[in-house]
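Here is what each chain is made of, one letter per residue.
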Amino acid sequence: MNAIFGRRSIRKYTQDAIPGDVIKKLLEAGMSAPSANNERPWHFVVVTEKDILAKLADVSPYSKMTKDASIAILVCGDLEHDISDRYWVQDCSAATENILIEVEENNLGAVWLGIYPREERVEYLRKLLNIPDHVVPFALIPVGYPAETKETPSRYDESRVHYSQW
Ligand SMILES: Cc1cc2nc3c(=O)[nH]c(=O)nc-3n(C[C@H](O)[C@H](O)[C@H](O)COP(=O)(O)O)c2cc1C
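All of these numbers come straight from a predicted model, not from anything done at the bench.

1. Some details on the packing of helix H2 (residues 20–31) against helix H4 (residues 88–105)
Part 1 of the argument: The contact between H2 and H4 brings their axes to 7 Å, and the two run at 140°. The handedness of the crossing between H2 and H4 is right-handed. Note on element contacts: H4 touches H2 through Ala-95, Asn-98, Ile-99, Glu-102 and Val-103, opposite Lys-25, Leu-26, Ala-29 and Gly-30.
Part 2 of the argument: Among the residues making up the contact of H2 with H4, the classes are represented as 5 nonpolar, 2 polar and 2 charged.

Shown next as structure tokens:
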């Protein structure tokens, strides 16, 4: 549970490389997420090339840190595996969060960058990474060894909790 309570968005990274087996663990964590009807409607595009990371950084004004990341993982939803009609968004969210938790577990840092439903971001990444029409870029996750630290105070908020009824 420390990986959940200790997780924060990390936007500054060292230039250390992430070993291949660690990258695989991150992907395995994503694929371990729950999904509607166990449909697992996800794909993951792993980018390690510096020139492509720099282009990914231009997907929005809030994604510039991606150019300094060691890798980026693009979580995508496959509409041909979405028999539950639109649950793919929740399935991909669960996969994205699982990756962030595994990132923390491996002493890495990352941040969830929102792509879907911003149409211009979806189309930019679709073109850049040659993604087919039935696959939707959902969230971009730049990952690297952290070059910043953050406090992790509890965010427990009693006012958001309702017992038995509102
Ligand atoms: C759907 C979603 C989209 C986000 N998009 C961005 C983004 O474009 N750029 C960014 O720097 N952070 C982005 N974040 C990270 C949030 O800013 C961050 O999670 C929030 O400020 C809470 O901070 P924490 O992650 O350190 O707990 C996004 C997070 C989510 C869940």
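2. Here we look at the site of the ligand
Part 1 of the argument: Contacts to the ligand come from Arg-7, Arg-8, Ser-9, Arg-11, Tyr-62, Met-65, Val-111, Trp-112, Leu-113, Gly-114 and Arg-155.
Part 2 of the argument: In the environment of the ligand, a nitrogen atom lies 2.9 Å from a nitrogen or oxygen atom belonging to the backbone of Tyr-62.
Part 3 of the argument: Residue Arg-155 places a side-chain N or O atom 2.8 Å away from an oxygen atom belonging to the ligand.
Part 4 of the argument: Calculation on the ligand without its partners gives an accessible area of 620 Å², and the protein chains cover 62% of this total.
Part 5 of the argument: Counted by class, the shell around the ligand contains 5 nonpolar, 2 polar and 4 charged residues.

3. Notes on the side chain of Asp-78
Part 1 of the argument: Summarising the element assignment, Asp-78 is placed in strand S2 (residues 71–78).
Part 2 of the argument: Although Asp-78 lies buried, it forms no salt bridge, and the closest oppositely charged side chain, Arg-126, sits 9.5 Å away as judged by the N-O distance.
Part 3 of the argument: Reaching out from Asp-78, the side chain makes a polar contact with the side chain of His-43 at a distance of 3.0 Å.
Part 4 of the argument: Excluding residues within four positions of it along the chain, Asp-78 makes contact with Pro-41, His-43, His-134 and Val-135.

4. Some points on the nonpolar core
Part 1 of the argument: Formed by 45 residues in total, the largest nonpolar core has its most connected members in Phe-44, Leu-56, Leu-74, Ile-99, Leu-140 and Val-143.
Part 2 of the argument: Broken down by secondary-structure element, the contributors of at least two residues to this core are H2, strand S1 (42–47), helix H3 (50–56), S2, H4, helix H5 (119–129) and strand S5 (135–144).
Part 3 of the argument: If sequence neighbours within four positions are ignored, Ile-99 has contacts with Leu-26, Gly-30, Phe-44, Ile-73, Val-75 and Ile-141.

5. Structural notes on the packing of aromatic side chains
Part 1 of the argument: Using the criterion set out here, one finds 3 aromatic pairs in the structure.
Part 2 of the argument: Between Trp-88 and Phe-138, the aromatic rings sit 6.0 Å apart at their centres with planes inclined by 75°, giving edge-to-face as the arrangement. Taken together, the residues span a long stretch of sequence, with Trp-88 in helix H4 and Phe-138 in strand S5 at a distance of 50 residues.
Part 3 of the argument: Linked through ring pairs, Trp-88, Trp-112, Tyr-116 and Phe-138 together constitute an aromatic cluster.

6. Focus: a nonpolar patch on the surface
Part 1 of the argument: On the surface, Tyr-156, Val-161 and Tyr-163 cluster together to form a nonpolar patch covering roughly 360 Å² of accessible area.
Part 2 of the argument: Among the structural elements, Tyr-163 can be located in the segment after S5.
Part 3 of the argument: Among the residues examined, Tyr-163 registers a relative accessible area of 62% and is labelled exposed.

What counts and how
- Residues numbered from 1 in each chain as written.
- Predicted model: local features only at pLDDT ≥ 70, side-chain atom pairs only at ≥ 80, totals over all residues.
- Heavy atoms only, no water.
- Axes fitted to C-alpha atoms, helices over the stretch in contact; angles between N-to-C directions.
- Helix = DSSP H or I, 4+ residues; strand = E, 2+ residues; numbered from the N terminus.
- Left-handed = near helix turned anticlockwise from the far one by under 90°.
- Contact = heavy atoms within 4.5 Å.
- Nonpolar A, V, L, I, M, F, W, Y, C, P; charged D, E, K, R; others polar.
- Near = heavy atom within 4 Å.
- Polar contact = N/O pair within 3.5 Å; in protein donor to acceptor, adjacent residues only side chain to side chain.
- Areas by Shrake-Rupley, 256 points an atom, 1.4 Å probe, with all protein chains shown as cover.
- Buried < 20%, exposed > 50% of the residue type's maximum accessible area, 1.4 Å probe, protein only.
- Lys, Arg positive; Asp, Glu negative; His and termini not counted.
- Salt bridge = Lys/Arg side-chain N within 4 Å of Asp/Glu carboxyl O.
- Core = buried A, V, L, I, M, F, W, Y, C linked by side-chain atoms within 4.5 Å.
- Phe/Tyr/Trp six-rings, centres within 6.5 Å; stacked < 30°, edge-to-face > 60°.
- Patch = residues over 30% accessible without salt bridge, like charges linked within 9 Å, V, L, I, M, F, W, Y side chains within 5 Å.

Distances and angles like these do not, on their own, reveal function.
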